[in-house]
Amino acid sequence: MPSLPARRIGDGPRLALVHGFTQTGGSWDPVATILAADHEVVTVDAPGHGAASAIETGLVQGAELLAEAAGAATYVGYSMGGRYCLHTALYAPDAVLGLVLVSATGGIDDADERAARRAADERLADRIGEIGVAAFVDEWLAQPLFATLDAAAADRDGRLVNTAQGLASSLRLAGTGTQLALWDDLADIDVPVLVLAGELDAKFRAAGERLAAAIGPNATYAVVPGAGHTAHLEQPDAFLAILRPWLATHGL
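Summary of the structure given here. The shown structure was predicted, so the numbers you read here are calculated from the model rather than taken from an experiment.

**Comments concerning the pattern of salt bridges**
Proximity of charged atoms lets side chains of opposite charge pair with each other.
Right, on to step 1. Evaluated as defined, the whole model comprises 11 salt bridges.
Right, on to step 2. Across the pair arginine 127 and glutamate 139 runs a salt bridge whose closest N-O atoms are separated by 2.5 Å. With arginine 127 in helix α4 (residues 111-131) and glutamate 139 in helix α5 (residues 133-141), the pair connects residues that are 12 residues apart, well separated along the chain.
Right, on to step 3. A network of salt bridges, in which partner residues are shared, links Arg8, Arg14 and Glu40.

**Some details on the layout of surface pockets**
Right, on to step 1. When its volume is computed, the largest pocket comes out at roughly 650 Å³.
Right, on to step 2. Every residue lining the largest pocket is counted, 33 residues in all, and those nearest its centre are Arg83, Arg117, Thr176, Lys203 and Phe204.
Right, on to step 3. Sorting the residues of the lining of the largest pocket by element identifies α3 (80-91), α4 and α9 (202-215) as the ones contributing at least two each.
Right, on to step 4. Take the lining of the largest pocket: its biggest share by element is five residues, from α9.
Right, on to step 5. A per-class count over the lining of the largest pocket returns 14 nonpolar, 10 polar and nine charged.

**Re the side chain of histidine 49**
Right, on to step 1. One can find histidine 49 in the loop between β3 (40-44) and α2 (59-70).
Right, on to step 2. According to the relative accessible area criterion, histidine 49 is buried, its value standing at 0%.
Right, on to step 3. The contact partners of histidine 49, leaving out residues within four places of it in the chain, are His19, Gly20, Phe21, Thr22, Gln23, Met80, Asn162, Leu167 and Ser170.

**Focus: the packing of aromatic side chains**
Right, on to step 1. Enumeration over the complete set of coordinates arrives at five aromatic pairs.
Right, on to step 2. Ring centres 6.4 Å apart and planes at 45° place the aromatic pair tryptophan 28 and phenylalanine 239 in the tilted group. Placement of the pair is tryptophan 28 in the loop between β2 (14-18) and α1 (29-35) and phenylalanine 239 in helix α11 (residues 236-249), with a sequence separation of 211 residues. In terms of burial, tryptophan 28 and phenylalanine 239 fall into one category: buried.
Right, on to step 3. Ring pairs connect the aromatic residues Phe21, Phe136, Trp140 and Phe146, which therefore count as one cluster.
Right, on to step 4. The ring of tryptophan 183 has arginine 210 lying over it, and the distance from NZ or CZ to the ring centre is 3.8 Å.

**Re the pairing of β3**
Right, on to step 1. Counting buried residues along β3, five of its five residues qualify, which places the element largely inside the surrounding structure.
Right, on to step 2. Of the two faces of β3, the one holding Glu40, Val42 and Val44 and the one holding Val41 and Thr43 are both buried throughout.
Right, on to step 3. Pairing between strand β1 (residues 6-9) and β3: four bridges, direction antiparallel. Directly across from isoleucine 9, in β3, lies its bridge partner valine 41.

**Notes on the environment of isoleucine 128**
Right, on to step 1. Inspection of the secondary structure puts isoleucine 128 in helix α4.
Right, on to step 2. On the basis of relative accessibility, which here comes to 0%, the residue isoleucine 128 falls in the buried class.
Right, on to step 3. Expressed as a C-alpha distance, the spacing of isoleucine 128 and glutamine 165, which sit 37 residues apart in the sequence, is 8.1 Å.
Right, on to step 4. If near-sequence neighbours (up to four positions away) are discounted, isoleucine 128 is found in contact with Phe21, Phe136, Ala164, Leu167, Ala168 and Leu171.

**Some details on the environment of arginine 14**
Right, on to step 1. By the element assignment, arginine 14 lies in strand β2.
Right, on to step 2. The spacing of arginine 14 and alanine 36 is 22 residues in sequence and 9.3 Å in space, taken between C-alpha atoms.
Right, on to step 3. Of note is the side chain of arginine 14, whose polar atom sits 3.1 Å from the side chain of glutamate 40.
Right, on to step 4. A polar contact of 3.4 Å, which involves the side chain of arginine 14, links it to the backbone oxygen of alanine 72.

Criteria and cut-off values
- Residues numbered from 1 in each chain as written.
- Predicted model: local features only at pLDDT ≥ 70, side-chain atom pairs only at ≥ 80, totals over all residues.
- Heavy atoms only, no water.
- Salt bridge = Lys/Arg side-chain N within 4 Å of Asp/Glu carboxyl O.
- Helix = DSSP H or I, 4+ residues; strand = E, 2+ residues; numbered from the N terminus.
- 1 Å grid on protein atoms, 1.4 Å probe; cavity = no way out; pocket = protein on both sides within 12 Å on 5 of 7 lines; lining within 4 Å.
- Points joined across faces, edges and corners; volume = space filled by probe spheres on them.
- Nonpolar A, V, L, I, M, F, W, Y, C, P; charged D, E, K, R; others polar.
- Buried < 20%, exposed > 50% of the residue type's maximum accessible area, 1.4 Å probe, protein only.
- Contact = heavy atoms within 4.5 Å.
- Phe/Tyr/Trp six-rings, centres within 6.5 Å; stacked < 30°, edge-to-face > 60°.
- Lys NZ or Arg CZ within 6 Å of the ring centre and 35° of its normal.
- Pairing = 2+ DSSP bridges.
- Polar contact = N/O pair within 3.5 Å; in protein donor to acceptor, adjacent residues only side chain to side chain.

These values are about where atoms sit, not about what they do.
Laid out in structure tokens, this is it:
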């Protein structure tokens, strides 16, 4: 299996930033460049995305590839990236010094609901092949989930480097429907954890509260004011105002 492409900027304690579905490692640039003032920041293209479009793998092996690419670091994952970072913490724990989860979940509890989500992801994967990446990205960003994400932060053009085959494989192999419910395993994570959700994203606020409670006393839960699902890009200053003190408190 090829290695995941990773870019490194800055110097200091290492942060590994993992993007969401249809994005690339470059999607983190607005906050990565700021964090690089006092951290080594590693941005990784996740399997099926960007320069890793040809890498087709599921969450567990993808998490192991992520750990190999970034090394020992505080892992910061948004949405799909949160799925990968959670799996890295559970399946490659020696690489994870700290964990930051943005708009993430521990999985769908009910097996029938997971199966329904897998089927929905399969239909979406077929849809990408039918209409192409550009049209699919437009449909993806038109979802209510991204109603508070403005055009500049959405970076539509940056998403168009992805391929139909890569995005389809990501949905089929690492989509929400493929993630087993991890809730009972989360207490095994024994590094500092920061769980974040946007104030305007009610679904993931609830998921974040549950995540923090399941992880236990080493988890901190916080809400990014004025932000929706893509909290780190919608309100980067507010996001960093929470992240930076937390990193300092834990020496990360």
